[in-house]
Each structure stands twice: as structure tokens, then as C-alpha cells.
Amino acid sequence: MSFLDEYAEAIELRRVKLRKRGFALAAETAPPTEQAALWYSDAVQCVPRSGQAVARQIARLCGDDSEVTIPWRSLADAVGVRDRAGNLRRYTERGADALVDAGWLEVETVGSKRGAKTTFRLLAGERSPECLGWIDDEEWFAEAA
């Protein structure tokens, strides 16, 4: 199965939304910056795809700070990816859970329902051999026999 066959539906959905708006959203074009960009470059190697999408948007929203307070709904809209059942928020929560489990993110929610405020704090997680980008220095720089 080719890339185009696999992602044709998602590409078309984004194309339709872009046509309606007439311009790209900041979430679709702006990369993370400052301190959060360094956090993102490390964290993105240690989590699955849902965690990568959430990490990118949290890092983009944090900028030079190490935390951001944003409602789950707004974060889910920024991530913009739906799970198989078509839910934005559930996909975003699963990605945040992956970051929390890997030790890269702390989530604190104060309040409940519509009045809830959620704070996302960037943490310096540990890189483990399970990380996707892990390279063992000894193997990499060993001379061939």
C-alpha cells in the first residue's frame, strides 16, 4: 500500500478545511520554539505517534516557558487528529497519557467539567533503550572487525 493510498482520506479532509478557511492555521504551520523545541526534539523520539502530535502542540503552545494552561478541547483542536471512532479529544488524551507514562509530561487538572483548567508541564524524561531514536554509542562508533 502506497503512502498516497494510505493517507488519501486524511489529505483530502485537510485540503477541504484549508479551502474553506482560505489560509493555514498556526497549528498547522508553526514549529515549536525556544526551550520547548529542545524538549520536543527529545520527547518525540520516545513516544508513539499520538504522543508525538500532542507533544508538538504542547511545545508550540509553551514557547519559552515550561508549562501551559489550556482546556483539553482547545488542545484537541490544535492537535487536529481523530481516532478511529472519530474523537479528537480521546486521541489527544491518549497521546498525553503516553507522554506522562514515559516521564516527559505532567498534567494537572483543577476543577471539573466546563470550568476545569488543565496545566501541562514539560519534564525532562529519561531516554531509555525503548526510545525510537536510541542509538548505542558503543555500537555506533565501534570499528568494524
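Residues numbered from 1 in each chain as written. Predicted model: local features only at pLDDT ≥ 70, side-chain atom pairs only at ≥ 80, totals over all residues. Heavy atoms only, no water.

(A) Inspection of the sheet that holds strand β2 (residues 105-110) at higher detail. If you trace the 3 strands from one edge of the open sheet to the other, you get β1-β3-β2, paired in antiparallel fashion. With one partner strand each, in any of the chains shown, β1 (67-69) and β2 form the two edges of the open sheet. With direction set aside, neighbouring strand axes in the sheet form an average angle of 15°. Where β2 meets strand β3 (residues 117-122), 6 bridges bridge the pair, whose relative direction is antiparallel. (Pairing = 2+ DSSP bridges. Helix = DSSP H or I, 4+ residues; strand = E, 2+ residues; numbered from the N terminus. Axes fitted to C-alpha atoms, helices over the stretch in contact; angles between N-to-C directions.)

(B) Molecular detail of the packing of helix α4 (residues 49-62) against helix α5 (residues 72-79). At a closest axis distance of 9 Å, the pairing of α4 and α5 adopts a crossing angle of 110°. The pairing of α4 with α5 is recorded here as roughly perpendicular in orientation. Our pair here, α4 against α5, has a crossing hand that is right-handed. Mapping the contact onto sequence places Ala53, Val54, Gln57, Ile58, Arg60 and Leu61 in α4 and Leu75, Ala78 and Val79 in α5. Grouping the amino acids of the contact of α4 with α5 by side-chain chemistry returns 7 nonpolar, 1 polar and 1 charged. (Parallel < 35°, antiparallel > 145°, perpendicular 65-115°, else oblique. Left-handed = near helix turned anticlockwise from the far one by under 90°. Contact = heavy atoms within 4.5 Å. Nonpolar A, V, L, I, M, F, W, Y, C, P; charged D, E, K, R; others polar.)

(C) Fine view of the pattern of salt bridges. Under the criterion given, the structure shown has 5 salt bridges. As a salt-bridge pair, Arg121 and Glu67 come within 3.1 Å of each other at their nearest N and O atoms. In this pair, Arg121 sits in strand β3 while Glu67 sits in strand β1, placing the two residues 54 residues apart along the sequence. Take Glu67: its relative accessible area is 33%, and that puts it in the partly exposed class. Put simply, Arg121 and Glu108 hold a salt bridge, and the shortest N to O gap is 2.9 Å. Remark: Glu108 occurs in strand β2 and Arg121 occurs in strand β3; sequence separation between them is 13 residues. (Salt bridge = Lys/Arg side-chain N within 4 Å of Asp/Glu carboxyl O. Buried < 20%, exposed > 50% of the residue type's maximum accessible area, 1.4 Å probe, protein only.)

(D) Quick peek at the nonpolar core. Grouped together as the largest cluster of nonpolar side chains are 25 residues, with contacts concentrated most on Trp39, Ile58, Leu75, Leu99 and Phe120. For this core, the secondary-structure elements that each account for two or more residues are α3 (34-43), α4, α5, α6 (88-101) and β3. Examining the composition of this core, we find that 6 residues originate from one element, α4, more than from any other. Apart from residues no more than four positions distant in its own chain, Ile58 is found in contact with Val68, Leu75, Leu105, Phe120 and Leu122. (Core = buried A, V, L, I, M, F, W, Y, C linked by side-chain atoms within 4.5 Å.)

(E) Molecular detail of the environment of Ile70. You can see Ile70 is positioned in the loop between β1 and α5. Taking the C-alpha atoms as reference, Ile70 lies 6.6 Å from Lys117; in sequence the two are 47 residues apart. Aside from chain neighbours lying at most four places away, what touches Ile70 is Leu61, Leu75, Thr118 and Phe120.

(F) View of the confidence of the model for the protein chain. A residue-level look at the protein chain finds 76% of positions with pLDDT of 70 or above and a mean pLDDT of 76. Within the model, the stretch residues 133-137 combines pLDDT values under 50 with 6 contacts to residues more than four positions away or in other chains. (pLDDT = per-residue confidence, 0-100.)

(G) Region of interest: the pairing of β3. With 3 bridges connecting them, β1 and β3 associate as antiparallel partners. Looking across to β3, one finds that Thr69 is bridged to Thr119.

(H) Geometry of α4. Between its terminal C-alpha atoms α4 stretches 20 Å, which fits the 20 Å expected from 14 residues at 1.5 Å a residue. For α4, the set of buried residues is Ser50, Gly51, Ala53, Val54, Ala55, Gln57, Ile58, Ala59 and Cys62. The first or second residue beyond α4 is Gly63, which carries a positive phi of 65°. (Expected span 1.5 Å × (residues − 1).)

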